[in-house]
Amino acid sequence: MSVFTAAADQSLCAPLPVLGKDVTVPLVTGGEVSYAALDYAASAPALQRVWDDVAAYAPYYGSVHRGAGYLSQLSTDLFENSRATVAEFLGCRAGDQVIFTRSTTDSLNLLAAVVPADCQVFVYETEHHASLLPWRDARVTYLNAPRTPAQAVETLERALAERDPYGPALVCVTGASNVTGELWPVKELAAAAHAHGARIVLDAAQLAPHHPVDIAELDVDWVAFSGHKLYAPFGSGVLAGRADWLQEAEPYLAGGGASRKVARRTDGGVDVEWHSTAARHEAGSPNVIGVYSIAAACKALTEAGFDNLVAREQHLVAAVRTGLAEVPEVKVLSLFGDDAPRVGVISFVVEGWNSSHFAAALSAEYGIGVRDGLFCAHPLVRTLLGSDPQEVGECGAPEAEPGERSLNAIRVSFGAGTPDEHIERFVRAVKELVSKGAQWKYRTEDGRCVPDRGAAQL
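Every value quoted in this text rests on a predicted model; they were computed, and no experiment measured them.

Conventions and cut-offs
Residues numbered from 1 in each chain as written. Predicted model: local features only at pLDDT ≥ 70, side-chain atom pairs only at ≥ 80, totals over all residues. Heavy atoms only, no water. Phe/Tyr/Trp six-rings, centres within 6.5 Å; stacked < 30°, edge-to-face > 60°. Helix = DSSP H or I, 4+ residues; strand = E, 2+ residues; numbered from the N terminus. Buried < 20%, exposed > 50% of the residue type's maximum accessible area, 1.4 Å probe, protein only. Salt bridge = Lys/Arg side-chain N within 4 Å of Asp/Glu carboxyl O. Disulfide = S-S within 2.5 Å.

**Section: the packing of aromatic side chains**
Part 1 of the reasoning: All told, the structure shown has ten aromatic pairs when counted by the stated rule.
Part 2 of the reasoning: A centroid spacing of 6.1 Å and a plane angle of 70° characterise the contact between Phe348 and Phe426, whose relative ring orientation is edge-to-face. Of this pair, Phe348 sits in strand 14 (residues 345-350) while Phe426 sits in helix 13 (residues 420-436), placing them 78 residues apart in sequence.
Part 3 of the reasoning: Accessibility expressed as a relative area gives 0% for Phe426, which makes it buried.
Part 4 of the reasoning: A network of ring pairs unites the aromatic residues Phe348, Trp353, Phe358 and Phe426 as a single cluster.

**Thoughts on the pattern of salt bridges**
Part 1 of the reasoning: Tallied over the full model, the rule gives 23 salt bridges.
Part 2 of the reasoning: Here Glu80 makes a salt bridge to Arg83, at a shortest N to O gap of 2.8 Å. Of this pair, Glu80 and Arg83 both sit in helix 2 (residues 70-89), three residues apart, which is roughly one turn of the helix.
Part 3 of the reasoning: Judged by relative accessible area, which is 30%, Glu80 ranks as partly exposed.
Part 4 of the reasoning: Looking at Arg83, the relative accessible area reads 13%, which means it is buried.
Part 5 of the reasoning: Notably, a salt bridge pairs Asp271 with Arg265, separated by 3.1 Å at the nearest N-O pair.
Part 6 of the reasoning: Residue Asp271 is classed as partly exposed on the basis of its relative accessible area, which comes to 41%.
Part 7 of the reasoning: Residue class for Arg265 comes out partly exposed when judged on its relative accessible area of 34%.
Part 8 of the reasoning: It is possible to trace a salt-bridge network through shared partners that takes in Arg199, Asp221, Arg242 and Asp244.

**Topic: the state of the cysteines**
Part 1 of the reasoning: As enumerated under the stated definition, the model contains zero disulfides in all.
Part 2 of the reasoning: Cysteine Cys172 is unpaired, with the sulfur of Cys119 as its nearest cysteine sulfur at 11 Å.
Part 3 of the reasoning: This cysteine, Cys298, is not joined by any disulfide, and Cys92 carries the nearest cysteine sulfur, 10 Å off.

Below, the structure is given as structure tokens:
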């Protein structure tokens with residue numbers, strides 16, 4: 001019986017239309033199949049609604065903020081209205097700023113550039129590298145991976161209790177793991193941070209596409225996320241939250257747009273008055289299309305209703321987990337255990353398989369796109385795999401033969417645009433590959449595991 005049969009007559013919403021839903025790809029075994037995009041955690045396909053909105057605006061494209069012409073004024077209104085839309089989507093408080101960046105990584109590097117010089121930063125080793133690595137000019141305390149949400153809070157409270165109580169402090173935490181999909185106790189962590197005089201930034205890259213994010217309700221100081229995970233095109237991101245550190249610091253980038261007044265001094269130098277608004281950290285010509293696409297995605301998700309989207313996604317999560325549980329050779333990776341709430345991100349390893357080989361076979365023989373590697377969260381994946389931190393293992397195909405012990409994992413991820421058939425095909429493919437093996441030979445080429453086109457079919 002299909003894992004979807006029981007829910008077939010229930011009132012789950014249909015998947016949202018996305019670009020690429022009708023794309024077909026060739027199979028190494030012959031023929032073509034519709035592409036099953038199950039790599040949403042890396043980049044979700046753009047919503048058709050977002051693409052249509054951007055296409056409708058494109059003929060009216062113009063430079064923003066300083067143009068006197070009609071198209072410039074129209075684009076400026078669209079740009080600033082997009083900022084208001086994102087603020088509403090995130091539940092921003094009065095006085096919060098919404099700054100447009102290139103990505104979550106860019107947002108967190110921007111925040112790292114404006115923290116006070118004596119700031120102490122607390123970050124779990126379980127974070128994505130975008131959250132783990134930007135704090136190069138701060139005093140950083142790396143916290144060990146917790147095994148329960150309660151332990152996450154306890155670990156943070158102990159670390160904060162031991163810090164210098166008079167200096168500034170910042171906690172950086174994910175909302176949903178990009179490896180396990182597990183939800184973190186953000187509200188409780190925010191309460192712990194504030195109780196000890198620290199601030200907190202939420203990496204919502206994996207949370208915002210799957211779940212409502214409300215800055216005021218969660219009581220976090222900042223939120224960062226990327227457009228390309230929120231069903232918008234590449235190249236745009238958001239940092240939203242408290243304005244004070246942002247206003248007090250030098251601009252992230254110096255240049256036009258960030259400066260309010262510039263004048264030559266008598267000694268030959270230059271005096272600059274920087275903006276105190278979000279423009280202070282948005283120097284240069286902004287990505288108006290990218291900003292508008294984020295706002296369009298925020299509107300589309302809000303109108304679809306997160307309750308409906310979450311219900312359908314949890315149905316897909318249950319189907320994947322049920323299917324994988326029926327394969328004894330599969331081990332699903334988890335920090336908080338099987339009962340932990342999670343979004344549509346699941347990582348696993350398969351006994352007797354190299355993860356890169358397995359992912360390559362899913363693509364070449366079934367038309368299924370997943371991801372293999374360490375998912376830009378190397379310490380976390382190594383912890384979950386129980387490997388020595390010094391063991392060799394990196395993103396991409398290792399120099400290993402199929403069947404050798406894998407030092408990385410396979411990740412399947414999905415969301416609002418995923419049809420049931422893609423999940424059914426994935427579960428079926430996993431079972432067939434484990435029980436029957438791959439139908440083709442594979443080799444490593446330029447760091448990737450690929451079909452050996454010169455080899456005969458197995």
